[in-house]
Every structure is written in C-alpha cells, then in structure tokens.
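Each chain, letter by letter, is given below.
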Amino acid sequence: MRKYLLNLSFFALAASAFAAGPSVAIAAEEALPEQIMAQIQKKHPNAADIKAEQKTHFGQAVYEVHFKEGENEQIELYRKDGHFYVSGEKIEASSLIPDPVNDNLKSTFSKYEIKEAILIVNPNGPGEEYDLSIVSDNRTWNVTVDNKGNIIKKEREE
C-alpha cells in the first residue's frame, strides 16, 4: 500500500509539474517516467541532482535530463518511452552559435544576453538545434533555435 501511495504521489507530482507548460516545467527525478530513470541509473549509476524538462527537438517529444556525474554536468535527451535520443552539450554562446542565429535573436530581442546555450545535434540526420536561456528586459526566455536562425519555440520563464 505504501508503495502504491508513493507511486501515486509521484505521478501527481509529474502531472502537476508538466501541466503548466511543456518546456518550462522542471521535474525532480521522481517525476520522470520509470523507464527513463532506469536507463539513467543503468548508464550512470552515480548520477546525482537529476532534473528534467519536457522539450521538442527535431519533431520528437523528449525529456531533456540534466544531472551531475562526479564533478561533470551531463545533458541527455530521452524519448518518452525511455529510449536514449541524443546527448546535449553546453557551449559558449558567444563563439559557437552561428551568425544567422545571432542575427535572428537581435531582430527578436532588442537587447539580450544568452545565459546558457545547449547544442543538440540531430541523431537522425543533418541539423542542429540550440536550447537557449536568454535574458532580455529583465525577463528570462527559453528559446529553441535551429542552425539557420529560425526560432522554433519561444517561452517566457515564470
């Protein structure tokens, strides 16, 4: 009975965490689907500080999972069924983001600063997408951009 109540509360936590919006909700490891947690624990038995966001990359609904393994922060994307999709990589935005991305961001945000940039390389073919955390006019935005500068998704963080 206790395990049933725990599972039910984890499910309720997951449902409420993701009800507000798919890419801004951060889930604790207990709210991740069991099959994803099993894969992470199998590949990274020492993973700690696990956080996840629901995202869409290359048309796939995925969980972007951030965790620490030792001193290193890891980013991995998993499909909802638990299968590994691709790894993400934190990059230095000022030097590694292509010019078309910067040009389009300048036309979208009058003044902005990229706080965090994550590169996601398409595992099924050519292409790259960038997950950006941008501060503009004292507001934080989560923006997904392709390598041609097209903004795929733009959401204000709350």
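In case you missed it, the structure is sitting above this.
Conventions adopted
- Residues numbered from 1 in each chain as written.
- Predicted model: local features only at pLDDT ≥ 70, side-chain atom pairs only at ≥ 80, totals over all residues.
- Heavy atoms only, no water.
- Buried < 20%, exposed > 50% of the residue type's maximum accessible area, 1.4 Å probe, protein only.
- Helix = DSSP H or I, 4+ residues; strand = E, 2+ residues; numbered from the N terminus.
- Arc of directions from axis to C-beta.
- Salt bridge = Lys/Arg side-chain N within 4 Å of Asp/Glu carboxyl O.
- Contact = heavy atoms within 4.5 Å.

### Topic: helix H4 (residues 99-108)
Taken together, the buried positions of H4 are Val101, Asn102 and Leu105. For H4, the angular spread of buried residues about the axis comes to 95°, placing them on one side. Exposed residues lying more than 90 degrees from the buried face of H4 are Asp99, Lys106 and Ser107.

### As for the pattern of salt bridges
Between side chains of opposite charge, pairing is possible as soon as their charged atoms come close. The full count for this structure, using the stated rule, is seven salt bridges. Residues Glu113 and Lys115 are paired through a salt bridge, measuring 3.5 Å at the closest nitrogen-oxygen approach. Notably, a salt bridge pairs Lys153 with Glu155, separated by 4.0 Å at the nearest N-O pair. Residues joined in a network through salt bridges with shared partners are Glu53, Lys55 and Asp131.

### Overview of the environment of Ser136
Within the secondary structure layout, Ser136 lies in strand E7 (residues 128-136). The class of Ser136 is buried, set by a relative accessible area of 6%. Between the alpha carbons of Ser136 and Ser110 there is a distance of 7.7 Å; along the sequence they are 26 residues apart. In contact with Ser136, not counting residues within four places along its chain, are Phe109, Lys111, Tyr112 and Trp141.

### With respect to the environment of Leu105
Looking at the element boundaries, Leu105 is found in helix H4. Once the C-alpha coordinates of Leu105 and Ile151 are considered, the two residues, 46 residues apart in sequence, prove to be 8.4 Å apart. In this structure, Leu105 is in contact with Tyr112, Ile114, Leu132, Ile134, Val143 and Val145, ignoring residues within four places of it in sequence.

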